[in-house]
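Summary of structural features
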Amino acid sequence: MPPGSTLAADAPQLSAANTGFMLICSALVMLMTPGLAFFYGGMVRVKSTLNMLMMSFVSLGVVTVLWVLYGFSAAFGTDHGGLIAWNSDYVGLSGIGLTELWDGYTVPVYVFAVFQLMFAIITPALISGALADRVKFTAWALFIALWATVVYFPVAHWVWGTGGWAFELGVIDFAGGTAVHINAGAAALGVILVIGKRVGFKKDPMRPHSLPLVMLGAGLLWFGWFGFNAGSWLGNDDGVGALMFVNTQVATAAAMLAWLVYEKLRHGAFTTLGAASGAVAGLVAITPSGGSCSPLGALAIGAIAGVLCAVAVGWKFKLGYDDSLDVIGVHLVGGVAGSLLVGFFATGGGQSTAQGLFYGGGLGQLGKQAAGVGAVLAYSFVVSAVLALLVDKAIGMRVSEDEEVGGIDQVQHAETAYDFSGAGGGVAPRTAAAVPGPVQETASATPHTPPKKVDA
């Protein structure tokens, strides 16, 4: 037997099955960004629909180009001090062999790079929901480029890159509770404190214009999230990916039901928007935790997140920040909940041997999770606010008040979402005053609060 032959035999070999699986998962995660666009697009008023769609779609273009040029190298290259990475072979994705394997795995580097690209794309797109109705498209595209470079790429290295400080500390984030959801939610809070509130916030009804569109988007997100979560194990030779797949479904279902029950008790109705938002809250919460907990733990995590996020969407009215589509209430709160609950529900029999408080592990893992949550939240919040301030000073972040009231779609895109010019004439609709019977009270400005009942 030649020297080194045993070592070579034990080294990972390219797996066609895992490679094919990961390419499918990458496509599923890509589908989530258009799904997010529909989800957000249905939640805004008609005059902002196209702008909301475009704020997600443009991320597909901007982040892809940056990822190829330097993003992959900055996130997953050779570690430098636990904070940033770099590998000149990854610049332009030019120094990578066709069958070169990602270190320690059975899939090519190209496959890992494109899978992680889809995460990099959707993360800044998540922020856009907090900024609906009022941000210049050019300013948003510039902000995405800066934010991905200064915030997302380094944070992804902290959490997932070999040598990243959070990775080495032992912070568990299976698929993005800190790197994606807390990162985006904290950024949303930082930006909206810079750009201010929408015209008519807390005064005008700002109800979703198309709940079917919202449900379609939520369904696409739920579907794509199986690739987002299960694919993050980069294969399924040991069953951990399958556990994550199951837990994704379980937690999402539990969160949706928990949100609906809270909504019925609090507001007296089961709403379609509540069902969609509850499902997304469960998906967010299980993202960091699903590889370390059991299906029963996933039920608990989903239910807890569903209620917490349902409560949190009302904070903006109490605290006075205008988070248009509840990015903070769902993604930041859901990400924090899911990340911290690892410290309670980790069984030690999933992705690692780390055990949470409920399984005899003490407070150690909870402390690590808290460190990761706090660091990412603080860094993203501060740097995102600074970037928004710089962009605002340079080219202005907001459209004018008149343009916002008139409709950002026409101003920024010279289009409208729905063209009724060919629908024909007909009788003019009757005014509200001409309609007999009681007039229903309008809904509040939040899309998650049903209208109050009015007695006949």
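Refer to the preceding data block for the structure.
**Topic: helix H5 (residues 137-160)**
Along its length, H5 reaches its greatest deviation from straightness, about 45 degrees, at alanine 148. Counting buried residues in H5 gives 18 out of 24 residues, a clear majority hidden from the surface.

**Points about the nonpolar core**
Membership of the largest hydrophobic core comes to 110 residues, with the highest contact counts inside it found for Phe72 and Leu131. Among the elements that take part in this core, H5 stands out by supplying 16 residues, more than any other. If sequence neighbours within four positions are ignored, leucine 131 has contacts with Met55, Trp140, Val191, Ile192, Ile195 and Ser324. The next biggest cluster of nonpolar side chains, apart from the first, holds nine residues, and it includes Ala251, Ile286, Ala298 and Phe345.

**Quick look at helix H11 (residues 295-312)**
Note: α-helices contain 3.6 residues per turn, so residues at a spacing of three or four share the same orientation. The terminal C-alpha atoms of H11 lie 25 Å apart, and with 18 residues this matches the ideal 26 Å at 1.5 Å per residue to within 8%. For H11, the complete set of buried residues consists of Gly297, Ala298, Ile301, Gly302, Ala305, Gly306, Cys309, Ala310 and Ala312. For H11, the secondary structure elements touched by its buried residues are helix H9 (240-267), helix H10 (272-289), helix H12 (315-319) and helix H13 (327-345).

**Some remarks on the side chain of threonine 178**
Counting through the fold element by element, threonine 178 comes out in helix H7 (residues 177-195). Judged by its relative accessible area of 1%, threonine 178 falls in the buried class. Residue contacts for threonine 178: discarding those within four places in its chain leaves Val159, Asp173, Asn183, Ser339, Gly372, Val373 and Val376.

**Observations regarding the packing of aromatic side chains**
Taken as a whole and judged by the stated rule, the model has 27 aromatic pairs. With a centroid separation of 4.2 Å and an interplanar angle of 20 degrees, the aromatic rings of phenylalanine 119 and phenylalanine 228 are classed as stacked. A residue pair is termed long-range when its members are at least 10 positions apart, and phenylalanine 119 in helix H4 (residues 109-127) and phenylalanine 228 in helix H8 (residues 211-230) qualify at 109 residues. Judged by its relative accessible area of 1%, phenylalanine 228 falls in the buried class.

**Looking at the packing of helix H2 (residues 16-43) against H8**
For the pair H2 and H8, the least separation of the axes is 7 Å and the interaxial angle reads 155 degrees. In terms of their interaxial angle, H2 and H8 are classed as roughly antiparallel. In this structure, H2 meets H8 at a crossing whose hand is left-handed. Counted by class, the contact of H2 with H8 contains 20 nonpolar, six polar and no charged residues.

**Things to note about the layout of surface pockets**
Estimates place the volume of the largest pocket at around 890 Å³. Those elements giving two or more residues to the lining of the largest pocket turn out to be strand E1 (78-80), H4 and H5. Looking at the lining of the largest pocket residue by residue, the class counts come to 18 nonpolar, 14 polar and six charged.

**Overview of a nonpolar patch on the surface**
A grouping of Val307, Val311, Trp315 and Leu319 is seen on the molecular surface, where their side chains present a nonpolar patch of about 350 Å² in accessible area. Take tryptophan 315: it is sitting in helix H12. The exposure class assigned to tryptophan 315 is partly exposed, which follows from its relative accessible area of 36%.

What counts and how
Residues numbered from 1 in each chain as written. Predicted model: local features only at pLDDT ≥ 70, side-chain atom pairs only at ≥ 80, totals over all residues. Heavy atoms only, no water. Bend = angle between axes of the 7 residues up to and from the residue. Helix = DSSP H or I, 4+ residues; strand = E, 2+ residues; numbered from the N terminus. Buried < 20%, exposed > 50% of the residue type's maximum accessible area, 1.4 Å probe, protein only. Core = buried A, V, L, I, M, F, W, Y, C linked by side-chain atoms within 4.5 Å. Contact = heavy atoms within 4.5 Å. Expected span 1.5 Å × (residues − 1). Phe/Tyr/Trp six-rings, centres within 6.5 Å; stacked < 30°, edge-to-face > 60°. Axes fitted to C-alpha atoms, helices over the stretch in contact; angles between N-to-C directions. Parallel < 35°, antiparallel > 145°, perpendicular 65-115°, else oblique. Left-handed = near helix turned anticlockwise from the far one by under 90°. Nonpolar A, V, L, I, M, F, W, Y, C, P; charged D, E, K, R; others polar. 1 Å grid on protein atoms, 1.4 Å probe; cavity = no way out; pocket = protein on both sides within 12 Å on 5 of 7 lines; lining within 4 Å. Points joined across faces, edges and corners; volume = space filled by probe spheres on them. Patch = residues over 30% accessible without salt bridge, like charges linked within 9 Å, V, L, I, M, F, W, Y side chains within 5 Å. Areas by Shrake-Rupley, 256 points an atom, 1.4 Å probe, with all protein chains shown as cover. Salt bridge = Lys/Arg side-chain N within 4 Å of Asp/Glu carboxyl O.

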